Amino acid sequence: MNRPEPESIILQNRVAYGRIAGEWERRQAADYDHEFHERCRAEFLKHFSGTRVLDLGCGLGLDSLAFARVGLRVVAADIAVEFLPIVRTKQQSLPVVAADMTLPCFRAGAFDGIYAVASFLHVPPELVGRTLAGFARMLAPKGILFLHHVQASDGCAGYRIDDLLASDNPALCFCHAPAELTRMLASEGMRTVAVTGVRPSRYPSESAARNGLLPYQLIALKAEVAE
Ligand SMILES: C[S@@+](CC[C@H](N)C(=O)[O-])C[C@H]1O[C@@H](n2cnc3c(N)ncnc32)[C@H](O)[C@@H]1O
């Protein structure tokens, strides 16, 4: 893939999601994969202890709302500000924040868990190291990071979606093997405690089939004291 600069990739993805936020919400009843999301949340909760969760790249915010329903203190964050009023409409009391996960955005130790479903895949390779370092920093000791992510069966590093819910609405995505992220997280004091293989109900999507994508969830624990 011939890639533009990382900052323009971030901008392009933000614009692409901003354009389709309203349409995605309208299609939610027909398209949203509730069963998949429920299974991902269950995997996260198996390892999570604490109360404060950051849903990073929250989109329509349905995972945030589900966490709030079971009594967790959730912040819903997304780079595309168009999602924020949509989430707020569903629950006024839920804190919603515009945030780019590649930049330090919350104070150190602010969360017991960071939950990122299909959002970290938009981080360009040049920014992955600093993004993971930021996650580790925002987590309290014994905090849990949950990433729903993809690796490519042919080792391909990234792919482009040309028509993200609208024609000529490109978004760029990047793949990593769990071992690669595990290695990078270890240097930030985080230990992978599980890699699970929950698949979306309609897997493989057209894009997953075309790009040989294998979904997985990586769950990592922040050391209690620096290791
Ligand atoms: C495929 S959607 C997933 C949304 C939601 N997590 C879900 O599973 O329904 C990807 C989300 O990541 C957000 N996103 C993309 N790049 C981001 C970034 N750098 N920082 C924060 N959010 C980002 C997009 O705006 C979009 O809402």
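Before reading on, note that the structure itself is shown above.
Residues numbered from 1 in each chain as written. Predicted model: local features only at pLDDT ≥ 70, side-chain atom pairs only at ≥ 80, totals over all residues. Heavy atoms only, no water.

Observations concerning the packing of helix α2 (residues 34-47) against helix α3 (residues 62-69)
Point 1. Between α2 and α3, whose axes approach to 11 Å, the crossing angle comes to 50°. The angle between α2 and α3 falls in the class oblique. The two elements α2 and α3 meet at a crossing, and its hand is right-handed. Between α2, through H34, H37, R41, F44 and L45, and α3, the contact on the second element is made entirely by L62, D63, A66 and F67.
Point 2. Classifying every residue of the contact of α2 with α3 gives five nonpolar, two polar and two charged. (Axes fitted to C-alpha atoms, helices over the stretch in contact; angles between N-to-C directions. Helix = DSSP H or I, 4+ residues; strand = E, 2+ residues; numbered from the N terminus. Parallel < 35°, antiparallel > 145°, perpendicular 65-115°, else oblique. Left-handed = near helix turned anticlockwise from the far one by under 90°. Contact = heavy atoms within 4.5 Å. Nonpolar A, V, L, I, M, F, W, Y, C, P; charged D, E, K, R; others polar.)

Some words on the packing of aromatic side chains
Point 1. The final tally for this structure, using the stated rule, is 11 aromatic pairs.
Point 2. Pairing Y115 with F146 gives two aromatic rings, centres 4.9 Å apart and planes at 20°, and the pair type is stacked. Taken together, the residues span a long stretch of sequence, with Y115 in strand β4 (residues 111-117) and F146 in strand β5 (residues 139-152) at a distance of 31 residues. Grouping residues by exposure puts Y115 and F146 together as buried. (Phe/Tyr/Trp six-rings, centres within 6.5 Å; stacked < 30°, edge-to-face > 60°. Buried < 20%, exposed > 50% of the residue type's maximum accessible area, 1.4 Å probe, protein only.)

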